[in-house]
Amino acid sequence: MGSQILKISPFASSRPLIFNATTPLLRFHVTISGHPTKTQFRFSSSKNLISISSSGFVPSSSKRGFRGGFVSMASPGSVQKSEDDWRAILSPEQFRILRQKGTEYPGTGEYDKFFGEGVYQCAGCGTPLYKSTTKFNSGCGWPAFFEGLPGAINRTADPDGRRIEITCAACGGHLGHVFKGEGFPTPTDERHCVNSISLKFTPANS
């Protein structure tokens, strides 16, 4: 008998793939790109349903999923949640800004004129983003920092190319925008203009 090849449609879930099977599955071919670890598949059947799950291709502490037929692995410490999960843990205003890239009104944020000593974390996932020693008074109406913690913040050009968006590198939460060359007397001549609601402050003595 000839072998049967199962083609997987793109999906992004770590749950087992379940499909209808009316004939025996003789052989299963999968190509996984970019990772040397061997992949193991477990097969179980109940009537005409076969459940397939895989293991061994990413560290146990990482998220995983298939996209376009390839394994997509998040970096260590990354946070991936569905829109419903984010809605459940964030306030409506946090969701609007962190997940829908909104902006709070200038001068209204909790940390605009706050200069306590400590660390500012992502309000969505708790990842440390800024040290209080990098915060300065820019007068712009939002908290301003001249640099973030190494590797904590991603930069992406807005679709119109006019501004650079900054997001939490761990969960992708929208923080605000970064501006350079404005002449502030800071070591980097950068201004990270961040929504207060995107942040959570932890005092140094806590």
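As recorded in an unreviewed UniProt entry, the protein chain goes by Peptide-methionine (R)-S-oxide reductase and comes from Anisodus acutangulus. Quoted straight from UniProt, the Function (unreviewed entry) entry for the protein chain says "Catalyzes the reduction of methionine sulfoxide (MetSO) to methionine in proteins. Plays a protective role against oxidative stress by restoring activity to proteins that have been inactivated by methionine oxidation. MSRB family specifically reduces the MetSO R-enantiomer."

Colleague: Quick question: what am I supposed to make of the overall build of the protein chain here?
Modeller: Across its full length, the protein chain holds two helices and 14 strands. Looking at the protein chain residue by residue over its 206 residues, the buried ones come to 36%. In the protein chain, of all internal contacts separated by at least 6 residues, the share reaching a separation of at least 24 is 49%. If you sum the accessible surface of the protein chain, you get close to 12,600 Å²; carbon and sulfur atoms cover 51% of it.

Colleague: Help me understand the pairing of strand E7 (residues 128–131) in this model?
Modeller: On any regular strand, side chains alternate: one points to one face of the sheet, the next to the other face. Both strand E6 (residues 118–122) and E7 contribute to a ladder of three bridges, which runs antiparallel. Following the sheet pairing, Val119 is matched in E7 by Lys131. Two successive antiparallel strands, E6 and E7, enclose a turn made up of five residues, where Gly126 displays a positive phi of approximately 85°.

Colleague: What is the right way to read the packing of aromatic side chains from this model?
Modeller: This structure, assessed with the given rule, holds eight aromatic pairs. Ring pairing ties together the aromatic residues Tyr111, Phe114, Tyr120, Tyr130, Phe145 and Phe201, which thus form one cluster. Geometry around Phe115 places Lys135 over its ring, the cationic atom sitting 4.0 Å from the centre.

Cut-off values and rules
One numbering rule holds for all chains: residues counted from 1, following each sequence as written. Restriction of local features to residues with pLDDT of at least 70 applies here, the model being predicted, together with a cutoff of 80 or more for giving and counting side-chain atom pairs; totals for whole chains, interfaces and linings are based on all residues. The basis for every side-chain value is the complete set of non-hydrogen atoms in the structure, without hydrogens or water. UniProt positions are given in the numbering used here, feature names are shortened, and annotations may be inferred rather than shown by experiment. Comment: elements are numbered from the N terminus, with helices defined as DSSP H or I runs of at least four residues and strands as E runs of at least two. Here's how the labels work: a residue is buried when its accessible area is under 20% of the maximum for its type, exposed when over 50%, partly exposed in between, all with a 1.4 Å probe on protein chains only. Two residues form a contact once any of their heavy atoms are found within 4.5 Å. The method behind every accessible area is Shrake-Rupley, applied with a 1.4 Å probe, and residues are considered shielded solely by the protein chains displayed. Strand pairing requires that DSSP identify at least two bridges connecting the strands. Two aromatic rings from Phe, Tyr or Trp, using only the six-membered ring of Trp, form a pair when their centres are within 6.5 Å; if the ring planes differ by under 30 degrees the pair is stacked, by over 60 it is edge-to-face, and anything between is tilted. Two limits define a charge over a ring: the Lys NZ or Arg CZ must be within 6 Å of the ring centre, and within 35 degrees of the ring normal.

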